[in-house]
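# Results of the structural survey
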Amino acid sequence: MWLQFAILPMVALTSTQSPPNRPARTYDLIHLKVDLGLDFEKRAISGTATNLLKPLRPGTKKLVFDCAKLKVAAVRVNRKAVRFEQQGESLTVHLATAAGPKDALSVDISYSGRPEAGLYFVRKQHAFPAKSAVVFTQGECEDTRHWIPTYDYPDDRTTTETVIRVPKNNFVLSNGKLVEVRKGADTWTYHWRMDQPHSTYLISVVAGDYVQGREKWGTLPVDWYVPRGLEEEGRGAFAGTADMVKFFSELTGLKYPFAKYSQSAVPDFMFGGMENTTCTTQTIRCLHHPDEHPLEDWSGLVLHELAHQWFGDTVTCATWSHIWINEGFATFLPSFYVRKRDGEDAFHLSRYGTFQGGFGGMMAANRPMVSTKYQIPMDMFDGNAYPGGASRMFMLMHELGEKVFWKSVTDFLHAYKHKNATTEQFFASVGKSSGKNLDAFRKQWFYTAGAPKLKLSREGEDIIITQTAPLFNLKTQIAFWQNGKWTRRPVTIAGPTTKVPATDFSNASYILDPDVWIMGQIDYSGELSGTECAELFVSGVNGAQRARLLDRVGNRLSQQQVADLLEWEKLVDLRTRLVGLLGAGSENLLLRLLDHPDKRIVNAAIAKWAGMPADDEAKRGIQSVWTTSRSQALRQTALSTLLAWSQDLSVAEEALNTPSLHDSFRMAGLGKICEKDPERGRMLCLAILTDDSSEPLRIEAVRRLGGLKDANGSTAVFDGLVATLENGSFNARRTAIDSLKQYGDKRAIAHIQPFLTHGMHFMRRVARSAVDELGKLP
């Protein structure tokens, strides 16, 4: 899963989902067949789920299935009706005769419902930029229970079949192989079968008026599906995936193990992407025209979700406490494709970004990597698990050596292929394959809440390294720059203080961890000068070290030094960072960069101008980009800069009337008008609430209205936000709850309270936050 942390408020609440101490399972789910009809108009489902299973213990008299807010009409066990009862999110089935491990039980559950979570009906008017209705499922963490009564926890695996009935002229994508399509007069039925066992949260259905894009790796179909009319944008987002499948098969030593790989783009998605087995679901926001490359680049999302087919789908974490196995590896593997595509230096820069994210995630989470102290599973899906897990794999690879590391990973994948695994099992497997005792590494990096925080200073002829608790044991190097060359010394850091003799380097600049293999914070008591920084930059070992230098003392560089480094540097990502360091005194250079052949450099220069005083020549150049560029991404940055400079609303009004693929121009224009002219902004937002032409713009209007509030005794804003709660997309309703909290009227509590028990945890969280905040009002 690719999380967009900025839109996921993480506030505590009591959950109806499985707690960490969930009771041990009592049966083995062998095969699950779902025969389901989708009613697009009523946003309802009805059908039968057949759970083929074997009890794990003799004398089993009842079976419990996860089943949330579904209406069960009948249950049959081996074709005989049995007694059942529903309570909370559980369906208890009473067996007529006690059963045991030798008994195969086929449990047919007939049911219907209008799911609040797990399965989502996106109406045509909410599907922008698609032009037709879409249905999709999203099972992670434990939301499959909202549309299938079954076992809904990751520690079991089952083969699956989905038989899905939809209105004619709609396509259905699901896991595994397409067995058949039956086209009736009014209803089309798609039958998919998944032959390899997988966890039930990975079951997926996407339905709608979709068009297929095709690639192959050998005989393996590598396809993508996008709503009709967005074919070119689908190619922009997903073309080249087959090469990624080939690369990961070679990198991991395990050939892609399933019948196909496909991706679909859906509107109103709550995540960036989701790695459903053989059929990843991606946000529609990733679609873009191929001409937008390289400025518009969603390959990171595509690579992350594809990597999950190995880590997450082929091997799955046994419990959510070990989610790093899924998310850490899926964040780790893409950097190696970056190395193949862009070179070694780009790989090191990508790795440094992962380390920075991992350290920040660790500081924010303040928990060990493996933990049972969470209220709902989604609490574990954070920066600690994603870049934090990836950072630890980089460090483990560095400790073992890359060749030994990948052999060990290959062995682990083959040993746990189509199985579940824990952190302990991973390290036992890697330790056996590598011949190394990894207990210290495992305990330090996976069961310690914290990350290294180091500070270096000179004391006489020594370098003193201090660290704050928790204390880590680290083997690294310190590098001294003297007389135009590097000299390295090995360093073992242990305890609160480590002394490094530096008699021969009393006047040398020095850097700890010169190759950047430690995820942690490294500070120096004596800051480098700009001249020293520039000298170390051009002699830097790799892109990671150069990036760390910029983060450390980049603000000490003179404008001329930045310009010189910009000329010297080859990595575009580092060049854009250097552009960000330009300012007063570099206006002429920034003007020249507006004509640079690389759109990424142009984009960085335009963005930099936004924080500087308006310049007539720059304004003309950026205005030209806004009005004539074929790149929507460049136009968006140009628009942002022009809006930052604008003293009137002419640019905002122009933007408000300028369509774009994801309606970002109109959203930016509306935001500026709301800030500068609240009365007009309120009027526009209220009108947009009833306009079904663009859901992204409508959500922006909902977001703005909470701050604009009502005027002159009117209740139009309040009533509009309440109406959105009742008849909006998932993201619109969630935004409306936040806006009602900002609006600050206790009357909203009654309208928000029903969402406290909503099936979707994100909805419950924003509702709890809003009710708590509004409840404090006098």
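Residues numbered from 1 in each chain as written. Predicted model: local features only at pLDDT ≥ 70, side-chain atom pairs only at ≥ 80, totals over all residues. Heavy atoms only, no water.

### Side note on the overall build of the protein
The helix and strand inventory of the protein stands at 26 helices and 29 strands. Compactness check: the protein gives a C-alpha radius of gyration of 28 Å against a globular reference of 28 Å for 778 residues, within 12% of the reference. If you line up the protein on its principal axes, its C-alpha atoms span 85 × 70 × 60 Å. If you take every contact in the protein between residues at least 6 apart in sequence, the share linking residues at least 24 apart comes to 70%. For the protein, the exposed surface amounts to about 30500 Å²; the carbon and sulfur share of it is 50%. Averaging the locations of the 92 positively and 86 negatively charged side chains of the protein gives two centres separated by 6 Å. (Helix = DSSP H or I, 4+ residues; strand = E, 2+ residues; numbered from the N terminus. Rg over C-alpha atoms; globule rule 2.2 N^0.38 Å. Contact = heavy atoms within 4.5 Å. Areas by Shrake-Rupley, 256 points an atom, 1.4 Å probe, with all protein chains shown as cover. Lys, Arg positive; Asp, Glu negative; His and termini not counted. Charge placed at Lys NZ, Arg CZ, Asp CG, Glu CD.)

### Concerning the sheet that holds strand E5 (residues 80-81)
The strand order across the open sheet built from 8 strands is E5-E4-E8-E2-E1-E11-E14-E13, with neighbouring strands paired in mixed fashion. The outermost strands of the open sheet, each flanked by one partner alone, are E5 and strand E13 (177-183). Across 12 bridges, strand E1 (residues 27-39) lies against strand E2 (residues 44-55) in antiparallel orientation. Opposite Asp35, over in E2, you have Thr48 as the bridge partner. (Pairing = 2+ DSSP bridges.)

### Some details on the packing of helix H16 (residues 599-609) against helix H18 (residues 632-645)
Running from amino to carboxyl end, H16 crosses H18 at an angle of 15 degrees, the nearest separation of the two axes being 8 Å. The pairing of H16 with H18 is recorded here as roughly parallel in orientation. Seen from above, H16 lies across H18 with left-handed handedness. Where H16 abuts H18, its residues Lys599, Val602, Asn603, Ile606, Ala607 and Trp609 lie against Ala633, Leu634, Thr637, Ala638, Thr641 and Trp645. Grouping the constituent residues of the contact of H16 with H18 by class yields 8 nonpolar, 3 polar and 1 charged. (Axes fitted to C-alpha atoms, helices over the stretch in contact; angles between N-to-C directions. Parallel < 35°, antiparallel > 145°, perpendicular 65-115°, else oblique. Left-handed = near helix turned anticlockwise from the far one by under 90°. Nonpolar A, V, L, I, M, F, W, Y, C, P; charged D, E, K, R; others polar.)

### Comments concerning the sheet that holds strand E28 (residues 509-512)
If you trace the 3 strands from one edge of the open sheet to the other, you get E26-E25-E28, paired in antiparallel fashion. Of all strands in the sheet, those with a lone pairing partner are strand E26 (485-493) and E28, marking the two edges. Pairwise comparison of adjacent strand axes, ignoring direction, gives a mean angle of 20 degrees for this sheet. The sheet strands contacting helix H11 (residues 530-538) are strand E25 (474-482), E26 and E28, and the helix crosses E28 at an angle near 55 degrees.

### A short note on the nonpolar core
Core analysis: the biggest nonpolar cluster contains 254 residues, and Leu38, Phe329, Phe332, Phe381, Phe405 and Ile752 have the highest contact counts within it. Ignoring anything within four residues of it in the chain, the contact list for Ile752 reads Leu725, Ile737, Leu740, Ala767, Ala770, Val771 and Leu774. (Core = buried A, V, L, I, M, F, W, Y, C linked by side-chain atoms within 4.5 Å. Buried < 20%, exposed > 50% of the residue type's maximum accessible area, 1.4 Å probe, protein only.)

### Thoughts on empty space enclosed by the protein
Here the structure, examined in full by the defined rule, presents 1 cavity of 30 Å³ or more. What the largest cavity holds in volume is close to 40 Å³. Examining the composition of the lining of the largest cavity, we find that 4 residues originate from one element, helix H12 (residues 543-553), more than from any other. Along the lines of polarity and charge, the residues of the lining of the largest cavity split into 4 nonpolar, 1 polar and 2 charged. (1 Å grid on protein atoms, 1.4 Å probe; cavity = no way out; pocket = protein on both sides within 12 Å on 5 of 7 lines; lining within 4 Å. Points joined across faces, edges and corners; volume = space filled by probe spheres on them.)

### A closer look at the environment of Thr92
With respect to the secondary-structure elements, Thr92 resides in strand E7 (residues 90-99). Put simply, Thr92 and Val64 are 28 residues apart on the chain and 4.5 Å apart in space, counted from C-alpha to C-alpha.

### Quick look at the packing of aromatic side chains
Applying the stated criterion to the full structure yields 50 aromatic pairs. Both rings, one in Phe480 and one in Tyr510, keep their centres 6.4 Å apart while their planes meet at 50 degrees; by these two values the pair is tilted. Here the residue Phe480 occupies a position in strand E25, and Tyr510 occupies one in strand E28, the gap between them amounting to 30 residues. Each member of the pair, Phe480 together with Tyr510, is buried. Geometry around Trp188 places Lys183 over its ring, the cationic atom sitting 4.3 Å from the centre. Above the plane of the ring of Phe537 lies Arg546, whose end atom (NZ or CZ) is 5.8 Å from the centre. (Phe/Tyr/Trp six-rings, centres within 6.5 Å; stacked < 30°, edge-to-face > 60°. Lys NZ or Arg CZ within 6 Å of the ring centre and 35° of its normal.)

### What to know about the side chain of Thr354
Within the element layout of this structure, Thr354 appears in helix H6 (residues 344-365). Each residue touching Thr354, except ones within four places of it in the same chain, is listed here: Ser335, Pro387, Ala390, Ser391 and Phe394.

### Re the pattern of salt bridges
What the rule picks out here adds up to 38 salt bridges. Notably, a salt bridge pairs Glu569 with Arg546, separated by 2.8 Å at the nearest N-O pair. Here the residue Glu569 occupies a position in the loop between helix H13 (559-568) and helix H14 (572-579), and Arg546 occupies one in helix H12, the gap between them amounting to 23 residues. Neither Glu569 nor Arg546 differs from the other in exposure class; each is buried. Among the charged side chains, a network of salt bridges with common partners joins Asp66, Glu89, Glu142, Arg145 and Asp152. (Salt bridge = Lys/Arg side-chain N within 4 Å of Asp/Glu carboxyl O.)

### Quick look at the state of the cysteines
Following the criterion strictly, the structure yields 0 disulfides and no others. The thiol sulfur of Cys674 is not disulfide-bonded, and the nearest other cysteine sulfur, from Cys685, lies at 3.6 Å. (Disulfide = S-S within 2.5 Å.)

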